[in-house]
Amino acid sequence: MNEKIMFADLNLSAETLQSLIDMGFTTPSPIQEQAIPFLLEGKDMIGQAQTGTGKTAAFAVPAIELIDVEKRGVQTLVMCPTRELAIQVAEEFKKIGKYKKGFRTVAVYGGSSIDKQIQALRQGVQVVIGTPGRIMDHIDRGTLKLDSIEMVILDEADEMLNMGFIDDIESILSNTPEGRQTVFFSATMPKPIMDLTRRFQKNPEIIKVAAKELTVTNIEQFYFEVRHTARVEAMSRIIDMHGLKLMLVFCNQKRVVDELVEELQVRGMMAEGIHGDLRQQQRNNVLSKFKQGVVSILVATDVAARGIDVDNVDAVFNYDIPLDDESYVHRIGRTGRAGRKGKSFTFLTGRKDALRMRDIERYTKSQVAKGEVPSGAEIEAFRKNQFVEKITNLVNADQFNEFIPLAEQIIATGISPLKIIASLSKLHLGTLASKTGGDENFSVETRGSRDSSDRGGRDRGDRSGADRGGRSSDRFERRPSGDRFESNRGGGSDRFDRGGDRSRSGGNRFERSGDRPERGPSRDYETNSADMQRIAINIGRNQRVRPGDIVGALAGESGINGKNIGNIEIKDSTTFVFVPKTDARKVLDAMNGNTIKGFNVMLELAD
Ligand code: ADP
Ligand code: MG
């Protein structure tokens, strides 16, 4: 406990130790310290830890140590939820295994040439890393044989289940030899995962890294109450004030990603966006520019951002507050990685957001501090001070000699030093007024709802004044509440990034379904799937209901996960919505007698 464990204490081969040193890893992270010894002993294990805790090396190191390069056939199989993760994990395996003679690995995933993968498999590899869909593909084709497998690793198991890979996973696990070592890594341990481990693991060792050290200790979290339309300006001031260089900005929806990128670019910021509509090539371009720092602001949806692994992200912005708690953790976990410090900034534009923030604080057991958007004057003072500090540093560092002749030349003009310095400052800082202009009022007041647990005080719940311009809805919902979610009017299935879009564009090619559309991961919750319950709500087009209103209300009021809400069909005076059967009761209880858009609603089961 008191002595700090080093990798050198973990009985690793000289080759592996050397490659870890090359990678800059000297001390194992907590999950690594605990997992590596168990895995080296060949035990089954469940490792629970959040993003950014070093899970990859926690399994890659022992997996590589246990590989016998003399043996034929694939020995280790790693399943990952997305192609990005598969690629990343494969890269880590390559780095850690680089001094191990004869060690070979291949990543298999959808959307890249299967022939190349087949070729690599034929040549013989000891480790196969891939998405469940593509792994199944290779098994079906006979290009991947499982009979020599000794170790199976599920990375981000919860995510794979969320994506509907459960059938593939079960099938793959059932077809590997009984005596294999089975390892699960997951940020959360929901029941389906526990069921899986019970079926496929033997006396697994459970290793947990306590939630609070994982997520947020080295991330300073702030929230800002700002008007919906003031968020870009607020962002740009926060960036200035904190001197942020590399940032990840999350939006709930593709359309917003595109719009925001455009706005940021107009302001001269190096921003790019990624979401599921981009081709893989474009996406890779953007990502590599971000990694190199050529792009300083990456705007993304949750799904598109999965697997982005960039170490030196200074801050994460929640341009939209995420719809579920877990996403918040995943999002802000992109900063403050590998022992660095990070910051997160979450914009709250109304009461609903404030309530979400409170839920998130509870869930993460952490405090999010209220931040104030710096005023124009503050920004200006800050920039001036910085400039003075820079000059002072430069002078102290004595790094100006090459410019002495130039300085002499300028002084020789006879202009007073004061005027010269003022002009140089202007050259450097630009017009000082530029940032101070339009110091309009940014803020909205959402605090009342953060402190109040009174349901009646919520925006939709405020029946007395809710109808039109009711006190609260007027204040917080300057825009129709559905606005933020909706991207095509009247499209019944249209929700936000994760779900509906795929039905329109014929498959989000980059995420799970790209792998094997025919296996149909069920995250979309097929309209008539047996797991879903149809619910009728007594408002519809006549009340100008939009899909976003329904998702917002159901998720907000009943606490069910917005992404689990299925198809929404809006008729003149009725709206039909599918929710998971297991949640139907909860939804009815929470919504009956409640209001949506100021209308009293009645919900009933429908079929
Ligand atoms: P997770 O899978 O838990 O999200 P990763 O395995 O992707 O985490 O690791 C997060 C980051 O931490 C990566 O950039 C990785 O290179 C770095 N990292 C992992 N282990 C160590 C270590 N022992 N020392 C220093 N950096 C590490
Ligand atoms: Mg990982």
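What you see is a predicted model, and the numbers here were worked out from it, not measured in a lab.

Asker: When you look at the overall build of the protein chain in this model, what are you seeing that I'm missing?
Answerer: Of the regular secondary structure elements, the protein chain holds 27 helices and 20 strands. Burial statistics for the protein chain: of 607 residues in total, 54% are counted as buried. The contacts in the protein chain between residues at least 6 apart in sequence include a share of 76% that link residues at least 24 apart. Just so you have it, the protein chain exposes about 27800 Å², and 49% of that area is on carbon and sulfur atoms.

Asker: Would you take a moment to explain the nonpolar core for this structure?
Answerer: Inside soluble globular proteins, nonpolar side chains tend to come together where they are buried. Formed by 38 residues in total, the largest nonpolar core has its most connected members in Leu 12, Phe 59, Val 78, Phe 93, Ile 129, Ile 153 and Phe 185. Secondary-structure elements contributing two or more residues to this core are helix 1 (14-22), helix 2 (30-40), helix 3 (55-66), helix 4 (83-96), strand 4 (127-130), strand 5 (151-154) and strand 6 (181-186). For this core, the element with the highest residue contribution is helix 3, accounting for seven residues. The residues contacting Ile 129, other than those within four sequence positions of it, are Val 78, Cys 80, Ala 86, Val 89, Ala 90, Phe 93, Thr 105, Val 106, Ala 107 and Val 108. Val 125, Ala 157, Phe 184 and Phe 200 belong to the second-largest nonpolar core, a separate cluster that totals 30 residues.

Asker: What should I look at first to understand the pairing of strand 1 (residues 45-48) in this one?
Answerer: The two faces of the sheet receive side chains in turn, since in a regular strand these alternate between them. On strand 1, burial covers both faces: Met 45 and Gly 47 on one face and Ile 46 and Gln 48 on the other are all buried. The pairing of strand 1 with strand 6 spans four bridges and is classified as parallel. Paired with Ile 46 across the bridge in strand 6 is Phe 184. Taken together, the four bridges between strand 1 and strand 7 (residues 205-208) define a ladder with parallel strand orientation. Within strand 7, the position partnered with Gly 47 by the bridge is Ile 207.

Asker: What is the right way to read the environment of Phe 7 from this model?
Answerer: By secondary structure assignment, the location of Phe 7 is in the segment before helix 1. Residues Phe 7 and Ser 29, spaced 22 residues apart in sequence, show a C-alpha to C-alpha distance of 9.6 Å. Setting aside chain neighbours within four positions, we find Phe 7 in contact with Leu 12, Leu 17, Leu 20, Phe 25, Thr 26, Thr 27, Pro 28, Gln 32 and Ile 36.

Asker: Would you mind going over the site of ligand 1 with me for this structure?
Answerer: Around ligand 1 there are 17 residues in total, and Thr 27, Gln 32, Gly 52, Thr 56 and Asp 311 lie nearest to it. Backbone polar atom of Thr 27 to a nitrogen atom of ligand 1: 2.9 Å apart, as the coordinates give it. A total of 560 Å² of accessible area belongs to ligand 1 in isolation, and the protein chains cover 86% of it. Viewed by domain, the shell around ligand 1 spans two of them, domain 1 (7-209) and domain 2 (214-370), each represented by three or more residues.

Asker: What is the right way to read the sheet that holds strand 13 (residues 342-348) from this model?
Answerer: In sheet architecture, strand pairing relies on hydrogen bonds along the backbone and comes in two forms, parallel and antiparallel. Pairing is parallel across the open sheet formed by seven strands, whose spatial order is 10-11-9-12-13-8-14. Every other strand in the sheet has two partners, leaving strand 10 (271-274) and strand 14 (369-370) as the edge strands with one partner each. Note that strand 9 (residues 247-250) and strand 11 (residues 297-300) share four bridges and pair parallel. Counterpart to Met 247 in the pairing with strand 11 is Ile 297. Contacting strand 9, strand 10 and strand 11, helix 12 (residues 254-266) runs over the sheet at an angle of about 170 degrees to strand 10. The strands touched by helix 15 (residues 325-332) within the sheet are strand 8 (219-225), strand 9, strand 12 (315-318) and strand 13, with strand 12 carrying the most contacts at an inclination of about 150 degrees.

Asker: What is the right way to look at the confidence of the model for the protein chain in this model?
Answerer: Interpreting fine coordinate detail is not advised for predicted regions of low pLDDT. Residues with a pLDDT of 70 or more make up 81% of the protein chain, whose mean pLDDT is 80. In the model, residues 433-438 has pLDDT below 50 throughout and makes twelve contacts with residues more than four positions away in sequence or in other chains. Across residues 447-528, where pLDDT falls below 50, the model places 206 contacts with residues more than four positions away in sequence or in other chains.

Asker: Explain the sheet that holds strand 17 (residues 575-580) to me, please; I cannot follow it from the model alone.
Answerer: Strand order in the open sheet formed by four strands is 16-17-15-20, and the pairing between neighbours is antiparallel. A single partner strand is all that each edge strand has here, and the edge strands are strand 16 (568-570) and strand 20 (603-606). On average, each strand axis in the sheet is inclined to that of its neighbour by 30 degrees, with strand direction left out of account. Here three bridges tie strand 16 to strand 17, and the two strands are oriented antiparallel to one another. Bridge pairing in strand 17 links Glu 569 to Phe 576. Relative to the sheet, helix 27 (residues 581-591) contacts strand 15 (532-537), strand 17 and strand 20, its axis offset from that of strand 17 by approximately 130 degrees.

Asker: Hey, could you run me through helix 2 in this one?
Answerer: Think of an α-helix as turning once every 3.6 residues; residues three or four places apart then point the same way. Buried within helix 2 are the following residues: Ile 31, Gln 32, Ala 35, Ile 36 and Leu 39. Along the axis of helix 2, the buried positions cluster into a sector of 110 degrees, meaning they face one direction only. Against strand 1, helix 3, strand 6 and strand 7 lie the buried residues of helix 2. Gly 42 occupies a position one or two residues after helix 2 and carries a positive phi of about 85 degrees.

Asker: Explain the environment of Val 295 to me, please; I cannot follow it from the model alone.
Answerer: Mapped onto the secondary structure, Val 295 falls in the loop between helix 13 (280-292) and strand 11. Through-space distance from the C-alpha of Val 295 to that of Met 269 is 8.7 Å; in sequence the pair is 26 residues apart. Not counting residues up to four positions away in its chain, the partners in contact with Val 295 are Leu 246, Met 270, Ala 271, Glu 272, Lys 289 and Phe 290.

Thresholds applied
Residues numbered from 1 in each chain as written. Chains lettered and ligands numbered in written order. Predicted model: local features only at pLDDT ≥ 70, side-chain atom pairs only at ≥ 80, totals over all residues. Heavy atoms only, no water. Helix = DSSP H or I, 4+ residues; strand = E, 2+ residues; numbered from the N terminus. Buried < 20%, exposed > 50% of the residue type's maximum accessible area, 1.4 Å probe, protein only. Contact = heavy atoms within 4.5 Å. Areas by Shrake-Rupley, 256 points an atom, 1.4 Å probe, with all protein chains shown as cover. Core = buried A, V, L, I, M, F, W, Y, C linked by side-chain atoms within 4.5 Å. Pairing = 2+ DSSP bridges. Near = heavy atom within 4 Å. Polar contact = N/O pair within 3.5 Å; in protein donor to acceptor, adjacent residues only side chain to side chain. Domains from an automatic or database assignment. Axes fitted to C-alpha atoms, helices over the stretch in contact; angles between N-to-C directions. pLDDT = per-residue confidence, 0-100. Arc of directions from axis to C-beta.

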